[in-house]
Amino acid sequence: MVSGQLSHELEVNMPANQVWELYSSLQLAKLVEEELSSVIQKINLVKGDGGVGTILHLIFVPGAARFSDYKEKFTKVDNEKRVKETEVVEGGYLELGFTLHRVRFEIIEKDNHSSIIKSTVEYELNDDSAANASVVSVDTLAAISLLAQNHLTKTNP
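The text that follows walks through the structure, step by step, so that each part is easy to find. (Residues numbered from 1 in each chain as written. Predicted model: local features only at pLDDT ≥ 70, side-chain atom pairs only at ≥ 80, totals over all residues. Heavy atoms only, no water.)

Attention now moves to the packing of helix H2 (residues 27-35) against helix H3 (residues 139-155). Two elements in contact, H2 and H3, have axes separated by 10 Å at closest approach and are oriented at 105°. Between H2 and H3, the angle is such that the two are roughly perpendicular. Here Gln27, Leu28, Leu31, Val32 and Glu35 of H2 come into contact with H3, specifically with Ile144, Leu147, Ala148 and His151. Considered class by class, the residues forming the contact of H2 with H3 number 6 nonpolar, 2 polar and 1 charged. (Axes fitted to C-alpha atoms, helices over the stretch in contact; angles between N-to-C directions. Helix = DSSP H or I, 4+ residues; strand = E, 2+ residues; numbered from the N terminus. Parallel < 35°, antiparallel > 145°, perpendicular 65-115°, else oblique. Contact = heavy atoms within 4.5 Å. Nonpolar A, V, L, I, M, F, W, Y, C, P; charged D, E, K, R; others polar.)

Okay, structure coming up:
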């Protein structure tokens, strides 16, 4: 079994509660679908309202990823700690030998006017698929953080 973790942090000049409002809702998926159209073709809501148990179906632009799509499930949405976790439950990374692909977003309050968006990928995969660990990246999560920052700056000047 091979496992690992990658993280990215971005400091934003926005209170944590405003950043969490975006990250804790389905509005983030809508923003990603609109703004990352070079990677994401479509994000469909399969089930849920943005809380624990919500399932999204992400469809990628052909050639943008090593797979065409996957479904992810919201496994944690903690409004008090401002933590959201999703796990791939069908397709995508699972087809490449991963037994776990979890994304965690943490919105960390720095002070009343700024916060940190911490994005983490945790993964596990079978030994015979160990070479596929190289497909794990935080680049998309970093791009999402920047999108969120730009969106929040425009909508909350």
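Don't stop here, the text continues.
What follows is about the side chain of serine 115. For serine 115, the position within the fold is in strand E7 (residues 114-125). A relative accessible area of 0% places serine 115 in the buried class. Here the side chain of serine 115 touches methionine 14 through a polar contact of 2.8 Å, landing on its backbone oxygen. When sequence neighbours within four positions are dropped, the list of residues in contact with serine 115 reads Leu10, Glu11, Val12, Met14, Pro15, Ala16, Val19, Ile107, Ile108, Glu109 and Lys110. (Buried < 20%, exposed > 50% of the residue type's maximum accessible area, 1.4 Å probe, protein only. Polar contact = N/O pair within 3.5 Å; in protein donor to acceptor, adjacent residues only side chain to side chain.)

So, on to the sheet that holds strand E6 (residues 98-111). The strand order across the open sheet built from 7 strands is E1-E7-E6-E5-E4-E3-E2, with neighbouring strands paired in antiparallel fashion. At either end of the open sheet lies a strand with only one pairing partner, and these are strand E1 (2-12) and strand E2 (40-47). Strand-to-strand twist in this sheet, taken as the mean axis angle between neighbours without regard to direction, amounts to 20°. Relative to strand E5 (residues 83-91), strand E4 (residues 69-78) runs antiparallel, the two sharing 8 bridges. Paired with lysine 71 across the bridge in E5 is glutamate 90. Together, E1, E4, E5, E6 and E7 form the strand contacts of helix H1 (residues 16-23), whose direction differs from that of E6 by roughly 155°. (Pairing = 2+ DSSP bridges.)

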